[in-house]
Every structure is written in structure tokens, then in C-alpha cells.
Amino acid sequence: MVGTTGKKHRKGVFDYVNLVFMIIFALLSVYPLIYVLAGSFNQGSDYIAGGIYLFPRVFSLENYRVVLADVRLWKSYGITIARTILGTISGVLFTAIVAFAMSRKNLMGKSHIYRFFVFTMFFGGGLIPYFWVINLLGLFDTFWVYIIPALFSVYNMLVFVNFFKTIPEEIHESAVMDGASEFKIFFRIILPLSGPVISTIALWIAVGHWNSFFDTMIYTSNNNLWTLQYYLMKVINESSMPAAGIALPQELLDKIAPETVSLAAIIVSVIPIFALYPLILKTLTKGVVIGSLKG
């Protein structure tokens, strides 16, 4: 073993094949964004002729001018940001509370509750009964239809439970001996120790809220409750100008096309993701390191 420590690792065929594969995979992952970006900065009338793959042929900012003038974009942005922040905080907190209870050995009827939870993971009543329940609860066409049904996830609860079980039982016992209640133990001890799992679950919930459009399509009929992804779906599928009801100069209309305006709307919608990704990556990396040290 000592004699081999000074030897350099020689790259074999597998290393080169793996490198080529990863480069191709990276290019295939990035290219759709490059394609959308090039089209969004290209003049619409020229884009229709085709041939725009990497760079704009006729550079233009008119597509973004039209998108940024659309009031519906900013309303949907506000709804999506509000539901993502509120839905993530409430979803993490509610699910963590249930998971803490399920992680306790002295919970009455724990096995029956666990079976009930697992059953709901695989079987449901279907869309129509679910819509009926939403309507009976008065959630239809309200902002809370985005928040309340997403408060709890069985899968996320199981992830929380498995993490809570790694926390030494002696910590809970010593807190009980000091007179701390279960709520105090949860908020003062368990949550501060659960940074890695909280950051992971929060990311899952936030991405789900940010990308959601189906609940808007089914459970709302008010344009003021459109989410960002539903707005984009409407713009792309209908191939219509996003700036509906806005008087646009004729010279501007001659330079744009529904396709390029849609591409510009897509780019505008992903700007927050690009801005937050470095922060999210740093948080997740820190969480993984802490989790590995705990184990």
C-alpha cells in the first residue's frame, strides 16, 4: 500500500467515456435554456422564419417590453411568491409537528394512525370527490386552496420521523425532567437540531408550490388567482400576446410574435430561481455536511 501511494492514477477508457457522457449530458441540460434565451432576444417577425438555435439573428428587446407591460404577469408573480413563502413555512411546521408526535413511543394508537397515513399515500378518492370536498370547505376560488390542502404530506412526515429518531432519547428525557412541555421540547430543542431535514423538506415544498399550475386550473376561476406557471401555460398554449388589453404601437406589433413573447415570459419567470439557487445550494450543502457529522 505504501508503494502505491506515490503512483499517479492513470485514466482508463471508462474515465474518458464517463467524461464525454457528462459533457454531453450537461450540454443537453443547458441547451433548452440557451434556445429559449436566443429566441426571446430575437425579433418576432424574423424568428418565425426559423433558424434560431444558439444566438439571436436580429437582436430585439421588444419581446420583454411587451411581457413587462402585462399586469397579469405581475399578479401571478405575487400569487406564486406568496403561496411559496406561506405554503413552505406552514407545510414544514405542520408536517414536523405531526412527525414529532409520530416519533414518540408513547403515542396512543400510533400503529393504527401510521397505517392510515400510509394507506392515503397509495389510495385516494379521485379528482371529483376531492373537488367536492374543496368546494364544501369553502376553499374554491380562494387563495387558501393553495395553502390548506398542502399543509401535510405523508412522505415528508416519514422523512421527518426517521430524522427525529436519530436524535438521542436522552435529550428528550432530560428536558422532561427539567419540566419542559412537549411543545417547548419541540420548538426549543428538536427544531434547532433538525436544520438538515428542514432545509431539504422546505426545498421540496417550495419547488412544488412554485411549479404548481394544476390546482389553479381546477380549483379557481378568478384571473386574480392565477399562478405564474398557469399564466405561462395559458400564454404558450394559446399562442396569444400576453399583454392583453394593452394598447401597443403598430410598429411594435409588426416586430413581435406570440412565440417570442412567450419565450421572453419564460425567461422572466425563471429569474428568481437563478437568483435564489446559489443560496439554496449553500444551505443544502451545509445541511448535508451537518447531517453526516450527526450520523
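Cut-offs and rules
- Residues numbered from 1 in each chain as written.
- Predicted model: local features only at pLDDT ≥ 70, side-chain atom pairs only at ≥ 80, totals over all residues.
- Heavy atoms only, no water.
- Salt bridge = Lys/Arg side-chain N within 4 Å of Asp/Glu carboxyl O.
- Helix = DSSP H or I, 4+ residues; strand = E, 2+ residues; numbered from the N terminus.
- Buried < 20%, exposed > 50% of the residue type's maximum accessible area, 1.4 Å probe, protein only.
- Phe/Tyr/Trp six-rings, centres within 6.5 Å; stacked < 30°, edge-to-face > 60°.
- Polar contact = N/O pair within 3.5 Å; in protein donor to acceptor, adjacent residues only side chain to side chain.
- Contact = heavy atoms within 4.5 Å.
- Core = buried A, V, L, I, M, F, W, Y, C linked by side-chain atoms within 4.5 Å.
- pLDDT = per-residue confidence, 0-100.

Chemist: Honestly, the pattern of salt bridges in this entry has me stumped. Any pointers?
Modeler: When charged atoms on two side chains of opposite charge get close, those side chains can pair. Applying the stated rule across the entire model yields three salt bridges. In this structure, the salt-bridge partner of R83 is D215, at a minimum N-O distance of 2.9 Å. In this pair, R83 sits in helix α5 (residues 71-102) while D215 sits in helix α12 (residues 214-219), placing the two residues 132 residues apart along the sequence. In this structure R83 comes out as buried when scored by relative accessible area, which is 3%.

Chemist: Before we go on, may I ask you to explain the packing of aromatic side chains in this structure?
Modeler: Each aromatic ring pair is summarised here by two numbers: the centre-to-centre distance and the angle between the ring planes. What the rule picks out here adds up to 21 aromatic pairs. With centroids separated by 6.3 Å and ring planes inclined at 50 degrees, the aromatic side chains of F116 and F117 adopt a geometry described as tilted. Its relative accessible area of 15% is what places F117 among the buried residues. Seen from their ring centres, F186 and F187 are 5.0 Å apart, and the 80 degrees between their planes marks the pair as edge-to-face. Residue F187 is classed as partly exposed on the basis of its relative accessible area of 39%. In textbook terms, an aromatic cluster arises when at least three aromatic residues are bridged by ring pairs, as seen for F100, F160, F164, F186 and F187.

Chemist: When you look at the side chain of S212 in this model, what are you seeing that I'm missing?
Modeler: Tracing the sequence through the fold places S212 in the loop between α11 (195-211) and α12. For S212, a relative accessible area of 14% gives the class buried. Of note is the side chain of S212, whose polar atom sits 2.9 Å from the side chain of D215. Once residues within four sequence positions are removed from consideration, S212 is found in contact with R83, T227 and Q229.

Chemist: Would you take a moment to explain the environment of T200 for this structure?
Modeler: Along the chain, T200 falls in helix α11. Separated by 44 residues in the primary sequence, T200 and N156 place their C-alpha atoms 9.7 Å from one another.

Chemist: Is there a simple way to explain the nonpolar core in this structure?
Modeler: Burial of nonpolar side chains together is a common tendency in soluble globular proteins. The biggest cluster of nonpolar side chains holds 23 residues, and the ones touching the most others in it are V67, L73, Y77, L228, Y231 and V268. Counting only elements with at least two residues in this core, the list comes to α2 (13-40), α4 (62-68), α5, α13 (228-238) and α15 (258-294). No other element matches the six residues that α15 contributes to this core. For L73, the residues in contact, after removing those within four places along its chain, are V67, L228, Y231 and V268. In this structure, F117, V154, I185 and A202 belong to the second largest nonpolar core, which totals 22 residues.

Chemist: Where do I start with the side chain of H209 in this structure?
Modeler: Inspection of the secondary structure puts H209 in helix α11. When neighbours within four sequence positions are excluded, H209 is seen to be in contact with R83, T84, G87, T88, Y146 and A150.

Chemist: Please clarify how the confidence of the model for the protein should be interpreted in this entry.
Modeler: Looking at the protein, the pLDDT average stands at 81 and 85% of residues meet or exceed 70. Confidence scores differ between elements of the protein, with helix α1 (residues 2-5) showing the lowest mean pLDDT of 49 and α5 the highest of 91. Every residue in residues 287-295 scores below 50 in pLDDT, and together they form five contacts with partners more than four places removed in sequence or on other chains.

Chemist: Before we go on, may I ask you to explain the environment of L73 in this structure?
Modeler: Along the chain, L73 turns up in helix α5. Judged by its relative accessible area of 0%, L73 is buried. Taking the C-alpha atoms as reference points, L73 and V268, 195 residues apart in sequence, are found 9.3 Å from one another.

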